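The lines below spell out each chain.
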Amino acid sequence: ALQRNKMVREKKRKSKSETKKKTSQVGKDDMQWLGKNTHFDKNTIEKWYKGFMADCPDGRMNRDKMKLMFNAIMPSGDAGELFLDQLFRIFDKDGDGSIDFKEFMIATDMTSSGDPEEKLRWAF
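Residues numbered from 1 in each chain as written. Predicted model: local features only at pLDDT ≥ 70, side-chain atom pairs only at ≥ 80, totals over all residues. Heavy atoms only, no water.

Q: So what about the packing of aromatic side chains? Which residues, and what values?
A: Applying the stated criterion across every chain, the model contains 5 aromatic pairs. Ring geometry for F52 and F101: centres 5.6 Å apart, planes at 65 degrees, overall edge-to-face. Here F52 is found in helix α3 (residues 42–55), whereas its partner F101 is found in helix α6 (residues 101–112), with 49 residues between them in sequence. Like F101, F52 is buried. Taken together, the aromatic side chains of F40, W48, Y49, F52, F101 and F104 make up a single cluster linked through ring pairs. A cation sits over an aromatic face here: K102 above W33, 4.4 Å from the ring centre. (Phe/Tyr/Trp six-rings, centres within 6.5 Å; stacked < 30°, edge-to-face > 60°. Helix = DSSP H or I, 4+ residues; strand = E, 2+ residues; numbered from the N terminus. Buried < 20%, exposed > 50% of the residue type's maximum accessible area, 1.4 Å probe, protein only. Lys NZ or Arg CZ within 6 Å of the ring centre and 35° of its normal.)

Q: Summarise the environment of D41; cite the residues concerned and give the values.
A: Turning to its location among the elements, D41 is positioned in the loop between α2 (28–37) and α3. Exposure remark for D41: the relative accessible area of 46% places this residue in the partly exposed category. Distance from D41 to M31, taken between C-alpha atoms, is 9.3 Å for residues 10 residues apart in sequence. Looking at D41, its side chain comes within polar contact range of the side chain of T44, at 2.7 Å. (Polar contact = N/O pair within 3.5 Å; in protein donor to acceptor, adjacent residues only side chain to side chain.)

This is how it looks when you write it as structure tokens:
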């Protein structure tokens, strides 16, 4: 029983350190995917990731956090809430109620590149 408890503690410790590793840098698969599917280079993706994780330590951005980020550019009142709902729905590609880093980078890339017609097509 003592040996089993020691193994359980060791497993928990490893899993915590693996979680820390995952949150300190972009995963290899995500980095490759983002490099191929956005206009950002590796250094830019890493900088965005550090900022994203500083604002969203659990790796997920909810609607309230997004509202804080976009508060300066959103219209006030009902129009702003509708705009935020639309924006959040578009960014939350998998529909899980939060935006992960990959979804955030796709959205950032889409809103920062392309001509106005492309952006309208993307938004609707």
